[in-house]
Amino acid sequence: MKKDDIFPTDENDDDVMVTLSLDDGTEVPCEILTIFTAGERDYIVLMPLDEEGNPPEDDTVYIYRYEEDETGAPSLENILDDEEYALVEERFDELLDEAAFDEMD
């Protein structure tokens, strides 16, 4: 697996950004780190950014179920099941380990 498989870039090699709308109405700019499959579902990992576009110092990420409808419009769902979250977290950790190993090559 190549680093670009984990951390996608567009054709201009820019970070892919989205704005996440939280339940309380707050909007958080985020960088898409990856979209991956675990089990039979797709998941997306978002890293929140501050007003200057800097990532948090504590490496916070948000992980959601990810789906696209027939028109390609994305939708995100919270992961409410502890077992599902453990599966997703384990797979994301594997992807991070693979990316770190590939960078050493």
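A brief look at the structure comes next. What you see is a predicted model; the values in this text were computed from it and never measured.

### Notes on the overall build of the protein chain
Tallying secondary structure elements over the protein chain gives two helices and five strands in all. Counted from the first residue to the last, the protein chain has its helices and strands arranged as α-β-β-β-β-β-α. Scored against the burial criterion, the 105 residues of the protein chain give a buried share of 26%. In the protein chain, 34% of the contacts between residues at least 6 apart in sequence involve partners at least 24 apart. Summed over all atoms, the accessible surface of the protein chain reaches about 7,400 Å², with 44% contributed by carbon and sulfur.

### Description of the packing of aromatic side chains
Under the definition given, this model contains two aromatic pairs. Both rings, one in F36 and one in Y43, keep their centres 6.1 Å apart while their planes meet at 35°; by these two values the pair is tilted. Ring centres of F36 and F92 lie 6.2 Å apart, and the angle between their planes is 20°; this geometry places the pair in the stacked category. Of this pair, F36 sits in strand β2 (residues 27–38) while F92 is found in helix α2 (residues 82–104), placing the two residues 56 residues apart along the sequence. The same class applies to F36 as to F92, namely buried. Here the aromatic residues F36, Y43 and F92 are joined through ring pairs into a cluster of three or more.

### Remarks on the sheet that holds β2
Taken in spatial order, the five strands make up an open sheet running β1-β2-β3-β4-β5, and their pairing is antiparallel. Each edge of the open sheet carries a strand with a single partner, namely β1 (17–21) and β5 (74–77). Between one strand axis and the next, the sheet turns by 50° as a mean value, whatever way the strands run. Where β1 meets β2, five bridges bridge the pair, whose relative direction is antiparallel. Residue pairing across strands places V18 opposite C30, the latter belonging to β2.

### Here we look at the pairing of strand β3 (residues 41–48)
With six of eight residues buried, β3 lies mostly within the body of the structure. Where β2 lies against β3, eight bridges are found, and the strand directions are antiparallel. Its bridge partner being in β3, I35 is matched across the sheet by I44. Counting the residues between successive antiparallel strands, the hairpin from β2 to β3 contains two residues, one of them, G39, with a positive phi of roughly 65°. As defined by bridge partners, β3 adjoins strand β4 (residues 62–68) across five bridges and the pair is classed as antiparallel. Paired with Y43 across the two strands is R65, which belongs to β4.

### A closer look at the pairing of β5
Bridging between β4 and β5 involves four bridges; their strand directions are antiparallel. Pairing of R65 across the sheet is with E77, part of β5. Adjacent in sequence and paired antiparallel, β4 and β5 are bridged by five residues, among which G72 carries a positive phi angle near 90°.

Conventions used here
- Residues numbered from 1 in each chain as written.
- Predicted model: local features only at pLDDT ≥ 70, side-chain atom pairs only at ≥ 80, totals over all residues.
- Heavy atoms only, no water.
- Helix = DSSP H or I, 4+ residues; strand = E, 2+ residues; numbered from the N terminus.
- Buried < 20%, exposed > 50% of the residue type's maximum accessible area, 1.4 Å probe, protein only.
- Contact = heavy atoms within 4.5 Å.
- Areas by Shrake-Rupley, 256 points an atom, 1.4 Å probe, with all protein chains shown as cover.
- Phe/Tyr/Trp six-rings, centres within 6.5 Å; stacked < 30°, edge-to-face > 60°.
- Pairing = 2+ DSSP bridges.
- Axes fitted to C-alpha atoms, helices over the stretch in contact; angles between N-to-C directions.

Don't take any of this as a statement about function, it's just geometry.
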